[in-house]
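Fold and geometry: a report
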Amino acid sequence: MTRRGKVRPGDQVAVVGCGGVGLNVVQVAAVAGARVIAVDVNDKRLETARHLGAVETVNPKAVPRADKRVRELTGGGADVAFEAIGSPGTIQLAYGLVRRGGRLCGIGSSAEEGPLAAGRLLAFALEVVGALGWGAGGYPEMPG
């Protein structure tokens, strides 16, 4: 996560999908010093995300536009957005959360195709990476 997502202290990180994998990303990003915003349609998962280090939560069913809300909370978009579900809709949502020059890290698996707007990729100079799990070296050192 810290290698492919390149999360650094002070980064604004959005995590779309707060199941087991997404909650792990919330924890690791928080330990790495990021300000984490969790995005999920399940309020219990969002509550758990807060307990694990998310400073803000967004339920797309509770707001008119989740992407706009995340941009408001981050002052323009996430430095890094992780997509931990793998559906075309959530991949597109995560893609829309990234600020100019930011990074989308896909970790949810899907056999379905989902288009990402090439114009946004180019105009916003975005980086899109994928990661299928990570070894112990991908976790930040835990403070003692």
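You'll find the structure just up there.
Here's what I pulled together on the structure shown here. (Residues numbered from 1 in each chain as written. Predicted model: local features only at pLDDT ≥ 70, side-chain atom pairs only at ≥ 80, totals over all residues. Heavy atoms only, no water.)

Enumeration over the complete set of coordinates arrives at eight salt bridges. Note that Glu 56 and Arg 35 form a salt bridge whose closest N and O atoms lie 3.5 Å from each other. Within this pair, whereas Glu 56 is found in strand E3 (residues 54-58), its partner Arg 35 is found in strand E2 (residues 35-39), the two being separated by 21 residues in sequence. The class of Glu 56 is partly exposed, set by a relative accessible area of 22%. Given the relative accessible area of 28%, Arg 35 is considered partly exposed. In this structure, the salt-bridge partner of Asp 67 is Arg 65, at a minimum N-O distance of 2.7 Å. The class of Asp 67 is buried, set by a relative accessible area of 16%. Counted as one network, the salt bridges with shared partners bring together Lys 6, Arg 103 and Glu 127. (Salt bridge = Lys/Arg side-chain N within 4 Å of Asp/Glu carboxyl O. Helix = DSSP H or I, 4+ residues; strand = E, 2+ residues; numbered from the N terminus. Buried < 20%, exposed > 50% of the residue type's maximum accessible area, 1.4 Å probe, protein only.)

With respect to the element layout, Asp 40 can be found in the loop between E2 and helix H2 (43-51). Here Asp 40 is buried and forms no salt bridge, its nearest opposite-charge partner Arg 45 lying at an N-O distance of 4.1 Å. Separated by 2.8 Å, the side chain of Asp 40 and the backbone nitrogen of Asn 42 make a polar contact. What Asp 40 contacts, discounting residues up to four positions off in sequence, is Gly 17, Cys 18, Gly 19, Arg 45, Leu 46, Val 58, Asn 59 and Pro 60. (Lys, Arg positive; Asp, Glu negative; His and termini not counted. Polar contact = N/O pair within 3.5 Å; in protein donor to acceptor, adjacent residues only side chain to side chain. Contact = heavy atoms within 4.5 Å.)

Let's shift gears to the sheet that holds E2. If you walk across this open sheet you meet the six strands as E3-E2-E1-E4-E5-E6, and the pairing is parallel. The open sheet is flanked by E3 and strand E6 (127-130), the only strands paired with a single partner. Each strand of the sheet is rotated relative to its neighbour by a mean of 20 degrees, with strand direction disregarded. The pairing of E2 with E3 spans four bridges and is parallel. Residue pairing for E3: Val 39 is matched across the bridge by Val 58. (Pairing = 2+ DSSP bridges. Axes fitted to C-alpha atoms, helices over the stretch in contact; angles between N-to-C directions.)

Quick look at the nonpolar core now. Across soluble globular proteins, nonpolar side chains have a tendency to be buried as a group. One finds Val 13 and Phe 82 to be the most contacted residues of the largest nonpolar core, which totals 22 residues. Looking at this core, the element that brings in the most residues is helix H1 (residues 20-31), giving four residues. Ala 14, Ala 66, Val 70 and Val 98 belong to the second largest nonpolar core, which has 16 residues in total. (Core = buried A, V, L, I, M, F, W, Y, C linked by side-chain atoms within 4.5 Å.)

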